Amino acid sequence: LFPSFPFPGMAPSIPRQVMAVNDDLPIRTDKPIHSGKVRAVYWLTAADSQRLIKSRNYNVAPDAELAIMVISDRISAYECIWCGKGGLRGVPGKGAALNAISNHWFQLFKEKGLADSHILEVPHPLVWVVQRAVPVMIEAIIRQYITGSMWRDYTKGSRTFCGIAIPDGLTKDSKLPELLVTPSTKGILKGVEGVPEVDDVNVSRADIEKNCAAFGFASQADIPVYEQLLKEGFRVISDALSAQGQLFVDTKFEFGYVTDADGKRKLIYMDEVGTPDSSRIWDGAAYETGKVVENSKEGFRKMLQAHFPDPDILLNKDRMEERYALARENELPVQLMDAVSKTYVDLAEKITGKALPVSTDPRGEIVAVLRDEFDLIV
């Protein structure tokens, strides 16, 4: 149904292949459309949810709330959305690559006997049918190498990170003695003892244990379960990437609770996993020679820093208005967007072992499949 992806260039068809706007589709809903930086979520009516649960035999509670989640090709970095010259309002192939990679890892988790995910069906490369999960309010970050914010903290003399003692003598980008779970808050948590009321603040395991309910855990017993799922999921992806000559450096998982058709409440993986947006992935051969070659969005961030004469605007949160203006008033070179596209597409095809499908008319294709197979178009 969908052709494989060509390497992007300057062809006139490129802007149409980019799914830039994804929150204006005529999908039947009686709730506000949630539009994030990359994905839009259309919560279905109770009648449509119940109809699909029954007709498509989803293993969820009969009254579960379902949604259509549509991914775009937009690219965000430093809390801004970036566009390219010539009407390029996203990165060709990026959305399909992210979905394909997540689909692959979620399926592998299932085959390995790990937890389920929130995804119920994939009717189009840019679309997921999902069930609502009650989120655990933790960005579950796990690290195998010391880099990024952890390294910056280390260079300032800190030897404790998220309540974990870190040994002396580590070098930048070196492998850590063991996998480290370094969680941060998901959103702003209010009234939680010892946790500042700001988004994305590092927390320790002790913080989570003391405030189990505030973080969204059903019980203390689920904390080690989440840690086990986090570590096992990381190892599954790390082993698979290692076999392909890639290093899984660090990543972010998210978890939530759902109820299945038998009434059992369970902890599941949600959002996306093991993608270039949520992870750092390095080229293994280059690392052996002492070089770090990014195969993730971190490479795009570094491109932005090199492209603009004052990279402090991108790094300094006290200069947010300047940063917003930078993204709003500057279109990036097509060659830069092409390089990012190639990183995402190549990685997706390497991970899945399949050619990445490309949509020549993503909006039209999504409307058609949701109308003809799901009866969700108004």
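**As for the packing of helix α8 (residues 297–307) against helix α11 (residues 334–352)**
Okay, step 1: Between α8 and α11, the least distance of the axes is 10 Å, while the angle of their chain directions is 165°. Accordingly, the angle class assigned to the pair α8 and α11 is roughly antiparallel. Handedness of the α8/α11 crossing: right-handed. On α11, the residues touching K297, F300 and M303 of α8 are L336, A339, V340 and Y344.
Okay, step 2: Taken together, the residues that form the contact of α8 with α11 break down as six nonpolar, no polar and one charged.

**Overview of the packing of aromatic side chains**
Two aromatic rings are characterised by how far apart their centres lie and by the angle between their planes.
Okay, step 1: The full count for this structure, using the stated rule, is 14 aromatic pairs.
Okay, step 2: Measuring from ring centre to ring centre gives 4.7 Å for F109 and Y269, while their planes differ by 40°; the resulting arrangement is tilted. Remark: Y269 occurs in strand β15 (residues 265–270) and F109 occurs in helix α3 (residues 94–111); sequence separation between them is 160 residues.
Okay, step 3: Classification of Y269 as buried rests on a relative accessible area of 0%.
Okay, step 4: With centroids separated by 5.7 Å and ring planes inclined at 25°, the aromatic side chains of W282 and Y287 adopt a geometry described as stacked.
Okay, step 5: Of the residues examined, W282 reaches a relative accessible area of 0% and is grouped as buried.
Okay, step 6: In this arrangement the basic side chain of R159 is found over the ring face of Y154, its NZ or CZ atom lying 3.7 Å from the centre.

**Here we look at the sheet that holds strand β6 (residues 119–124)**
Backbone hydrogen bonds are what pair the strands of a sheet, in a parallel or an antiparallel way.
Okay, step 1: Read from one edge of the open sheet, five strands run β1-β2-β3-β7-β6, paired in antiparallel fashion. Edge positions in the open sheet fall to β1 (34–35) and β6, since each of these has one partner strand only.
Okay, step 2: Relative to strand β3 (residues 66–71), strand β2 (residues 39–43) is paired through five bridges, and the arrangement is antiparallel. Looking at the pairing, W43 lines up with A67 of β3.
Okay, step 3: Relative to β6, helix α12 (residues 362–372) is tilted by about 120°, and along the sheet it contacts β3, β6 and β7 (127–131).

**Topic: the nonpolar core**
Okay, step 1: Counting residues in each nonpolar core, the largest one holds 102 residues, and the members touching the most others are I68, W82, F217, Y226, F253 and F255.
Okay, step 2: Discounting chain neighbours no more than four positions away, the residues touching F253 are F109, I138, E139, A140, I142, L230, G233, F234, I237, Y269 and V273.
Okay, step 3: One finds M150, Y154, F161 and L180 within the second-largest nonpolar core, a separate group that totals 10 residues.

**Observations concerning the environment of K112**
Okay, step 1: Relative to the assigned elements, K112 resides in the loop between α3 and β6.
Okay, step 2: By relative accessible area, which is 54% here, K112 ends up exposed.

**Some details on the pairing of β6**
Okay, step 1: Where β6 lies against β7, three bridges are found, and the strand directions are antiparallel. Counterpart to E121 in the pairing with β7 is V129.

**Considering the state of the cysteines**
Okay, step 1: Within the structure shown, the criterion is met by zero disulfides.
Okay, step 2: Looking at C80, it has no disulfide partner, and the nearest cysteine sulfur is the one in C83, 11 Å off.
Okay, step 3: In this structure C80 comes out as buried when scored by relative accessible area, which is 4%.
Okay, step 4: You can see C212 has no disulfide; the closest cysteine sulfur is in C162, sitting 18 Å from it.

**Topic: α8**
Okay, step 1: Along α8, the residues that are buried comprise K297, E298, G299, F300 and L304.
Okay, step 2: On its buried face, α8 sits against β4 (75–77), β5 (80–82), β16 (279–283), α9 (312–315) and α11.

**Quick look at the side chain of T45**
Okay, step 1: Tracing the backbone shows T45 in the loop between β2 and α2 (46–55).
Okay, step 2: What makes T45 buried here is its relative accessible area of 14%.
Okay, step 3: At a separation of 3.1 Å, a polar atom in the side chain of T45 contacts the main-chain amide nitrogen of D48.
Okay, step 4: Residue contacts for T45: discarding those within four places in its chain leaves R28, T29 and D30.

**With respect to the pattern of salt bridges**
Okay, step 1: Across all of its chains, the model carries 30 salt bridges by this definition.
Okay, step 2: For E197, the salt bridge goes to K190, with nearest N and O atoms at 3.9 Å.
Okay, step 3: Taking relative accessible area as the criterion, K190 reaches 63% and is therefore assigned exposed.
Okay, step 4: Where E227 meets R205, a salt bridge forms, and the shortest distance between an N and an O atom there is 2.7 Å. Separated by 22 residues along the polypeptide, E227 in helix α6 (residues 222–242) and R205 in helix α5 (residues 205–210) bring together distant segments of the chain.
Okay, step 5: For E227, a relative accessible area of 16% translates into the label buried.
Okay, step 6: If you follow the salt bridges from partner to partner, you end up with E139, K186, K252, E254 and D271 in one network.

**Quick notes on the environment of D173**
Okay, step 1: Take D173: it is sitting in the loop between β11 (164–165) and β12 (175–181).
Okay, step 2: Judged by relative accessible area, which is 12%, D173 ranks as buried.
Okay, step 3: Remark: the alpha-carbon pair of D173 and E209, spanning 36 residues in sequence, is separated by 30 Å.
Okay, step 4: The contacts of D173, once residues within four sequence positions are left out, are Y145, I146, T147, W282, Y287 and V292.

**With respect to the pairing of β7**
Within a regular strand, the side chains alternate between the two sheet faces.
Okay, step 1: Counted residue by residue, β7 has five buried out of five residues, so it is predominantly covered.
Okay, step 2: Once β6 ends, the chain turns through two residues before running back antiparallel as β7.

Parameters at a glance
- Residues numbered from 1 in each chain as written.
- Predicted model: local features only at pLDDT ≥ 70, side-chain atom pairs only at ≥ 80, totals over all residues.
- Heavy atoms only, no water.
- Axes fitted to C-alpha atoms, helices over the stretch in contact; angles between N-to-C directions.
- Helix = DSSP H or I, 4+ residues; strand = E, 2+ residues; numbered from the N terminus.
- Parallel < 35°, antiparallel > 145°, perpendicular 65-115°, else oblique.
- Left-handed = near helix turned anticlockwise from the far one by under 90°.
- Contact = heavy atoms within 4.5 Å.
- Nonpolar A, V, L, I, M, F, W, Y, C, P; charged D, E, K, R; others polar.
- Phe/Tyr/Trp six-rings, centres within 6.5 Å; stacked < 30°, edge-to-face > 60°.
- Buried < 20%, exposed > 50% of the residue type's maximum accessible area, 1.4 Å probe, protein only.
- Lys NZ or Arg CZ within 6 Å of the ring centre and 35° of its normal.
- Pairing = 2+ DSSP bridges.
- Core = buried A, V, L, I, M, F, W, Y, C linked by side-chain atoms within 4.5 Å.
- Disulfide = S-S within 2.5 Å.
- Polar contact = N/O pair within 3.5 Å; in protein donor to acceptor, adjacent residues only side chain to side chain.
- Salt bridge = Lys/Arg side-chain N within 4 Å of Asp/Glu carboxyl O.

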